[in-house]
Amino acid sequence: MAIDDSAERDGGATGTVVRPRRKPSRYIVPVAVAGVAAATIGLVPALADTGDPELPKISAQELIEKIAASDEEQLSGTVKISTDLGIPSLGGILGSLGGGDAPSGAAPEDRLMELASGTHTLRVAADGPDKQKVSVLGEASEYTVIHHADDVWAYDSASDEVYHAQGAAPEGSSDEDSGKAEAGTPAELAEQALAAVGDTTSVTVDGTGRVAGRDTYQLVIKPKQAGSTIGSVRIAVDARNGVPLKFTLSPSGGGKAAVDAGFTKVDFSAPAASTFRFTPPKGAKVTEADEADVRPGTGRSGAPALPEEFKELGGEDGARVIGEGWTAIAEIRNTGGTGGAGGAGGAGGSGEAQQFLDALGDKVEGKFGSGTVFKTRLVNALITDRGTVYVGAVTQDALVKAADAAK
């Protein structure tokens, strides 16, 4: 990870290459585009105190090492989350990718997807690697996921439905995980952002601040490459224990933050043991995890499977990555040979379907031929009229150049 060569220990950065120790997070919220998970959750600004505290100077390298060395395994608190990607709510859209009925209306892989859009308030708690709890608070309801030893329980108070999986660790967990990172929290998002950092990145310390009543250092990550839709990632790090308390991702096009997650309240003492106990309410519908919904070899509940046409589109030999770092682009070739944007012209043969897709995007032309670009504030995709897909957190021009070079 390349760090700017300003001051050595003055709150700026050093010229040292840092390889932070990566810790896997216990919960990963499933998202539609791999590698952009950290870019799909945003937060209404946390309750930060006015005035920046005076703290000992720290370099970017030292701050990253402080995050990596943090061993906090116990916490509870409230996190506020909102997302502004410039697209409609993803809850129903992404949940439908399974191509059929969900195993339960309370299944975590479906319900936690809703965090990818809109505004949400979460209550989180953790006590080591075997006890975590996340509650998504609604206006008159609550959706809760509890991991306790070998059991995962999920309960939706609105529908009075319960989902239960035994012997299944939550998505993204491992035996080495400290268990401190919860779904959608700044720590989980920061881990993903730091894991993606390399020589194409500038990392600096930009002053101090206060989040949820605690003093923080401000770590700023920016791409050095032109063509990325990501402007910067700012992580507020607890000055005492190194836990990320706030995460903000800003688009290169400016405007409102697309990703901004932060604690409004946090307590690092051990939560009460009763926090992680769950008994299905009397009369609630209980659905046990189906063996068919568990990924082979992992023992974990899997995310909804993509429809067959998506599988055929990529194929084992149909996908590759063009470029690296912040401007990496995934190229997915249409191995099935269907034409039209996304195969619309060949997989249903409907000209109306093609016209509908064209209306949602912008027509572009290049050496590759012609196609349609579909845009969000962070992730853009070019689907050529031959059915090849180019997708990444890059600008339209970058997609067209990639398609031209690969024609």
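Residues numbered from 1 in each chain as written. Predicted model: local features only at pLDDT ≥ 70, side-chain atom pairs only at ≥ 80, totals over all residues. Heavy atoms only, no water.

A. Expanded view of the overall build of the protein. For the protein, the helix and strand inventory stands at eight helices and 18 strands. Burial statistics for the protein: of 407 residues in total, 49% are counted as buried. Of the contacts made within the protein by residues no fewer than 6 positions apart, 62% connect residues no fewer than 24 positions apart. (Helix = DSSP H or I, 4+ residues; strand = E, 2+ residues; numbered from the N terminus. Buried < 20%, exposed > 50% of the residue type's maximum accessible area, 1.4 Å probe, protein only. Contact = heavy atoms within 4.5 Å.)

B. Fine view of the nonpolar core. Counting 34 residues, the largest nonpolar core has L219, V233, I235, F247, L249 and L378 as the members making the most contacts within it. Core analysis: the second largest hydrophobic core is formed by 25 residues, L75, I81, V136 and Y163 among them. (Core = buried A, V, L, I, M, F, W, Y, C linked by side-chain atoms within 4.5 Å.)

C. Looking closely at the sheet that holds strand β13 (residues 319–322). Pairing is antiparallel in the open sheet, where six strands are placed in the order β13-β14-β18-β17-β16-β15. Sheet topology places β13 and β15 (362–366) at the edges, where each strand pairs with a single neighbour. Between one strand axis and the next, the sheet turns through 25° on average, direction left out of account. Bridge count for β15 against strand β16 (residues 369–374) is five bridges, and the pairing is antiparallel. (Pairing = 2+ DSSP bridges. Axes fitted to C-alpha atoms, helices over the stretch in contact; angles between N-to-C directions.)

D. Seen up close, helix α8 (residues 396–405). What α8 keeps buried is the set A398, L399, V400, A402, A403 and D404. Along its buried surface, α8 packs onto β13, β14 (329–332), β15, β16, β17 (380–384) and β18 (389–392).

E. Quick look at the pattern of salt bridges. Under the counting rule described, the total for this entry stands at 10 salt bridges. A salt bridge links E142 to R123; the shortest N-O distance between them is 3.1 Å. Separated by 19 residues along the polypeptide, E142 in strand β4 (residues 142–148) and R123 in strand β2 (residues 118–127) bring together distant segments of the chain. The class for E142 is partly exposed, based on a relative accessible area of 25%. On the accessibility criterion, R123 (39% relative accessible area) is partly exposed. One salt bridge connects K246 with D260, and the closest N-O pair in it is separated by 3.0 Å. Of this pair, K246 sits in strand β10 (residues 244–251) while D260 sits in strand β11 (residues 259–267), and the two are 14 residues apart along the sequence. Comparing K246 with D260, the two get one shared label, buried. Salt bridges sharing partners connect three or more residues here, namely R320, E331 and R333. (Salt bridge = Lys/Arg side-chain N within 4 Å of Asp/Glu carboxyl O.)

F. Spatial organisation of helix α4 (residues 186–195). Burial within α4 is extensive, with eight of its 10 residues counted as buried. All of the buried residues in α4 are P186, A187, E188, L189, A190, E191, A193 and L194. Close packing links the buried residues of α4 with α1 (60–69), β8 (214–223), β9 (230–238), β10 and β11.

G. Highlighting the environment of H147. Relative to the helices and strands, H147 resides in strand β4. Among the residues examined, H147 registers a relative accessible area of 2% and is labelled buried. Along the chain, H147 and Q166 lie 19 residues apart, while their C-alpha atoms are 9.8 Å from each other. Here the side chain of H147 touches Q132 through a polar contact of 2.7 Å, side chain to side chain. One polar contact links the side chain of H147 to the main-chain carbonyl oxygen of A149, over a distance of 2.8 Å. (Polar contact = N/O pair within 3.5 Å; in protein donor to acceptor, adjacent residues only side chain to side chain.)

H. Here's a closer look at the sheet that holds β4. Pairing is mixed across the open sheet formed by 12 strands, whose spatial order is β7-β8-β9-β10-β11-β1-β2-β3-β4-β5-β6-β12. Across the chains shown, the open sheet's two edge strands, defined by having one partner strand only, are β7 (201–211) and β12 (285–288). Along the sheet, successive strands turn relative to each other by an average axial angle of 15°, direction set aside.

I. Broad picture of the environment of K256. By the secondary structure assignment, K256 is in the loop between β10 and β11. With 173 residues separating them in the primary sequence, K256 and T83 have C-alpha atoms 9.9 Å apart. Not counting residues within four places of it along the chain, the set of residues in contact with K256 comprises D84, P251 and R377.

J. The arrangement of the confidence of the model for the protein in detail. Confidence along the protein averages 74 in pLDDT terms, with 65% of residues attaining 70 or more. Between residues 5–50, whose pLDDT stays under 50, and residues either more than four places distant or in other chains, the model counts 162 contacts. Here residues 342–349 is a poorly scored stretch, pLDDT under 50, and it has 15 contacts once near neighbours within four places are set aside; other chains count. (pLDDT = per-residue confidence, 0-100.)

K. The arrangement of the side chain of D156 in detail. Counting through the fold element by element, D156 comes out in strand β5 (residues 151–156). Here the side chain of D156 touches A158 through a polar contact of 3.1 Å, landing on its backbone nitrogen.

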